[in-house]
Amino acid sequence: IEARRAEWPELIIETEPKRTYPFGEFAAHALGYLQPLTPEELRTAFKDRRPGDMVGKTGVEAYYENNLTGRDGQIVEVVDSQGRKQDELMNIGPTAGPALMLALDYDLQAKAEELLKGKEGAVVVLSPRTGEVLALASFPTFDPNKFINRFTPEEWTGLISSPDRPLLNRAVQGLY
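Summary of the structure given here. (Residues numbered from 1 in each chain as written. Predicted model: local features only at pLDDT ≥ 70, side-chain atom pairs only at ≥ 80, totals over all residues. Heavy atoms only, no water.)

### Some words on the overall build of the chain
Then, number 1: Per the secondary structure count, the chain includes eight helices and six strands.
Then, number 2: When its helices and strands are written in sequence order, the chain yields α-β-α-β-α-α-β-β-α-β-β-α-α-α.
Then, number 3: Compactness check: the chain gives a C-alpha radius of gyration of 21 Å against a globular reference of 16 Å for 176 residues, more than 25% above the reference.
Then, number 4: Along the first, second and third principal axes, the C-alpha set of the chain runs to 65 × 40 × 35 Å.
Then, number 5: Classification of the 176 residues of the chain by burial places 26% in the buried group.
Then, number 6: For the chain, the accessible surface area stands at approximately 12500 Å², while carbon and sulfur atoms represent 54% of it.
Then, number 7: Where the 20 positive side-chain charges of the chain centre and where its 27 negative ones centre are 3 Å apart. (Helix = DSSP H or I, 4+ residues; strand = E, 2+ residues; numbered from the N terminus. Rg over C-alpha atoms; globule rule 2.2 N^0.38 Å. Buried < 20%, exposed > 50% of the residue type's maximum accessible area, 1.4 Å probe, protein only. Areas by Shrake-Rupley, 256 points an atom, 1.4 Å probe, with all protein chains shown as cover. Lys, Arg positive; Asp, Glu negative; His and termini not counted. Charge placed at Lys NZ, Arg CZ, Asp CG, Glu CD.)

### Topic: the pairing of strand β4 (residues 85-92)
Then, number 1: Note that strand β3 (residues 74-79) and β4 share six bridges and pair antiparallel. Looking across to β4, one finds that glutamate 77 is bridged to glutamate 88. (Pairing = 2+ DSSP bridges.)

### Structural notes on the pattern of salt bridges
Then, number 1: Taken as a whole and assessed by the stated rule, the structure comprises 11 salt bridges.
Then, number 2: Salt-bridge contacts for glutamate 65 lead to arginine 49; the nearest nitrogen and oxygen are separated by 2.8 Å. Residue glutamate 65 is found in helix α4 (residues 65-68), and its partner arginine 49 is found in the loop between α2 (39-43) and β2 (54-56); the two are separated by 16 residues along the sequence.
Then, number 3: Taking relative accessible area as the criterion, arginine 49 reaches 15% and is therefore assigned buried.
Then, number 4: Ionic pairing is found between lysine 111 and glutamate 114, a salt bridge with its closest N-O pair at 3.4 Å. Here lysine 111 pairs with glutamate 114, and both are found in helix α5 (residues 106-116), just three residues apart, close to one helical turn.
Then, number 5: With a relative accessible area of 41%, lysine 111 lands in the partly exposed category.
Then, number 6: Through salt bridges that share partners, Arg50, Asp53 and Asp72 make up one connected network. (Salt bridge = Lys/Arg side-chain N within 4 Å of Asp/Glu carboxyl O.)

### Regarding a nonpolar patch on the surface
Then, number 1: Residues Val76, Val78 and Leu89 make up a contiguous nonpolar surface patch of roughly 230 Å² in combined accessible area.
Then, number 2: Positionally, valine 78 belongs in strand β3. (Patch = residues over 30% accessible without salt bridge, like charges linked within 9 Å, V, L, I, M, F, W, Y side chains within 5 Å.)

### A short note on the side chain of asparagine 145
Then, number 1: Of note, asparagine 145 is situated in helix α6 (residues 145-149).
Then, number 2: Setting aside anything within four residues of it in sequence, one finds asparagine 145 in contact with Thr20, Tyr21 and Gly24. (Contact = heavy atoms within 4.5 Å.)

### Overview of the side chain of aspartate 53
Then, number 1: One can find aspartate 53 in the loop between α2 and β2.
Then, number 2: Here aspartate 53 falls in the buried class, since its relative accessible area comes to 17%.
Then, number 3: If we ignore the near neighbours within four places in the chain, the residues touching aspartate 53 are Gln35, Pro36 and Leu37.

### Examining the pairing of strand β5 (residues 121-126)
Then, number 1: Sheet topology note: the β5/strand β6 (residues 133-139) ladder contains six bridges and is antiparallel. Considered in β6, the bridge of glycine 121 is made with phenylalanine 139.
Then, number 2: In textbook terms, the turn of a hairpin is the stretch between consecutive antiparallel strands, and for β5 and β6 this stretch comprises six residues, one of which, glycine 131, has a positive phi near 80 degrees.

Written as C-alpha cells, this is what we have:
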C-alpha cells in the first residue's frame, strides 16, 4: 500500500510501537503490565496523553512510567482537496524513552519461579551489599502480553474471578 500511496491518498499509514514481553509469564509481577488509560486517568494524572495510550499499571511498568515513556512525533502537511500531500511544513520524529536496566538475575528469577510452581506464595532475593532486587516471584502468575494483545471476555473474567488471584503480587501486596 505504501508503494502505491498516490493511488489511495485517503489512506494514512501509521506505525505504532508495541510493548512485548518475550518471556511471557517470566517475572510478570516484577515487570508489571500496561493497560489503556481510563477516562478518569485522562482527566487527572495523564492530562498530556490521548485516549488509547497505554500506561504502566503495576510493577516496574507503573513505577517508571514517566521515565519509560518516549515522545510522539509530529508531521504537519499541506494537502490538496483530494488529500494528496503538497508540502511538508514540519516533521519531528518520535523519540523512544530511555532504556532501563534492572538488577534482576535471570537464573535466580527462574529458580524462584520453579520453586513456586503449583503453590501460592512469593520469593524475593535481595543483594546484601546493595539492596538490589535480584529476583521477585509471585505465584500463581499471569502473562502480561495478554494486556497488550487484549483478552477475550472469557479470559478476562477467568483471570479476575480466579480464586488463586494471579494478579495479586504476593511479594509486595500479600499480608503474612
